[in-house]
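Letter by letter, the chains look like this.
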Amino acid sequence: MTATALPTHPGAEGAATSAHREYGSDALIVCDNLVRIYQVEQIEVQALQGLDLLVHPGEMVAIVGASGSGKSTLLNILSGLDVPTAGRARVAGWDLLRMTTADRLAYRREVVGFVWQQTARNLLPYLTALENVVLPMAFAGMRARTRRRRAAELLDMLGMGPKAHRRPAELSGGEQQRVAVAVALANRPQVLFADEPTGELDSATGDEVFAALRAANTQLGATVVVVTHDEGVHTQVQRTVAIRDGRTSSEVVRRTEIDEFGASSVVAEEYAVLDRAGRLQLPKDYRAALGLRDRVRLELEPDHVGVWPDGAPRGGRPGRRHDERSER
Ligand code: ADP
Ligand code: MG
């Protein structure tokens, strides 16, 4: 997807107007120093404390983090339910800090879809699965015949065709969530957000829901951002972003490598997020392994930066550079 896919919308930022490349100009989702402060009586809660995140078109990204780290706050903002206190948030060209009420409605109806953890929040109990999927298309003004056909196609794709005429109470939790994915996809959103959609399910059922999200990504081309606690689930995506204390702290990127014998294996590489002030967070197990705390020693090498515990011998690893230096 290129800049031509951006809506010509008053809130949309002209990607090409600034002479220098803007942070995340080629991304579908941009969070730049995003802050959300909740005021509860006299107490301020900083749910997001300068979060940076880029998601590119067609990606499927998992977001992980301890309870209270700000994951739901982030998804509420990105889905247009909540407004950030400061920073920049842009999704598919829509500036989430400058939307009018009408913009917000259009955005939520046509640009994004969402699946919540609570199965009851996703579906209307008195409508069948098919009617639930038809509903958002009816709101968007789609023709009756077209919307029934599309609803049936979506339910088929997610393996729910045979149960299209059941009401939510007649479906299992996992089946309800698969219908919820179909509802979220009804108006062909560019982005699908899911906040712990498998949180109330056992792992086998959770896998089916996750497969539905993957189908949305691979078969319909939707960009998917899914918050999950489930270890097994987030190893199935190419990129996992960890949030800690309202900031993105690290990323794990997985790719498949084929060795000289043709055998493929999945390689996971860990990345830290480097913000524009140069801050990065070292993973806890790295810090523990080397006793890194309070202050670390840095060294600039031709192709990397070395980080040593304070007080470690200079040069870190025995190398020629070190020997040459000490000879002088
Ligand atoms: P997560 O989804 O990662 O568990 P949340 O985004 O729900 O985290 O919450 C992040 C922080 O913001 C928590 O400290 C939480 O108590 C606080 N918080 C979330 N929503 C509200 C709210 N509506 N009012 C006040 N505090 C909130
Ligand atoms: Mg949450």
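Since the model is a prediction, treat every value here as computed from it, not as a measurement.

Chemist: What should I look at first to understand the overall build of the protein chain in this one?
Modeler: Counting secondary structure elements, the protein chain contains 10 helices and 13 strands. Within the protein chain, contacts between residues at least 6 apart in sequence are counted, and of these 59% link residues at least 24 apart. Surface summary for the protein chain: the accessible area is close to 17,900 Å², and the carbon and sulfur share equals 52%.

Chemist: Help me understand the site of ligand 1, please; the structure alone is not making it clear to me.
Modeler: If you check the shell around ligand 1, you find Tyr-38, Val-40, Val-45, Ala-47, Ala-66, Ser-67, Gly-68, Ser-69, Gly-70, Lys-71, Ser-72 and Thr-73 and nothing else. Separating an oxygen atom of ligand 1 from a backbone N or O atom of Gly-68 is a distance of 2.6 Å. Contacts to ligand 1 include Ser-69, whose backbone N or O atom sits 3.2 Å from an oxygen atom. For ligand 1, the accessible surface in isolation is 560 Å², of which the surrounding protein chains cover 62%. Broken down by secondary-structure element, the contributors of at least two residues to the shell around ligand 1 are strand S1 (29–40), strand S2 (43–55) and helix H1 (71–78). Ranked by the residues each element gives to the shell around ligand 1, the list is headed by H1, at three residues.

Chemist: Help me understand the nonpolar core in this model?
Modeler: Among soluble globular proteins, nonpolar side chains are generally buried collectively. Counting residues in hydrophobic clusters, the biggest one holds 35 residues, and the most contacted among them are Val-133, Leu-155, Val-179, Val-181, Leu-192, Leu-213 and Val-226. Secondary structure elements with two or more residues in this core: strand S3 (60–64), helix H4 (129–139), helix H5 (144–157), helix H6 (173–185), strand S7 (191–195), helix H7 (203–218) and strand S8 (223–227). The element that contributes the greatest number of residues to this core is H6, accounting for seven residues. When near neighbours in sequence (up to four residues on either side) are disregarded, Val-179 contacts Leu-123, Ala-129, Val-133, Leu-155, Met-160 and Leu-171. Counting residues in each nonpolar core, the second largest holds 31 residues, with Leu-28, Leu-34, Leu-48 and Met-99 among its members.

Cut-offs and rules
Residues numbered from 1 in each chain as written. Chains lettered and ligands numbered in written order. Predicted model: local features only at pLDDT ≥ 70, side-chain atom pairs only at ≥ 80, totals over all residues. Heavy atoms only, no water. Helix = DSSP H or I, 4+ residues; strand = E, 2+ residues; numbered from the N terminus. Contact = heavy atoms within 4.5 Å. Areas by Shrake-Rupley, 256 points an atom, 1.4 Å probe, with all protein chains shown as cover. Near = heavy atom within 4 Å. Polar contact = N/O pair within 3.5 Å; in protein donor to acceptor, adjacent residues only side chain to side chain. Core = buried A, V, L, I, M, F, W, Y, C linked by side-chain atoms within 4.5 Å. Buried < 20%, exposed > 50% of the residue type's maximum accessible area, 1.4 Å probe, protein only.

On their own, these measurements won't tell you what the molecule is for.
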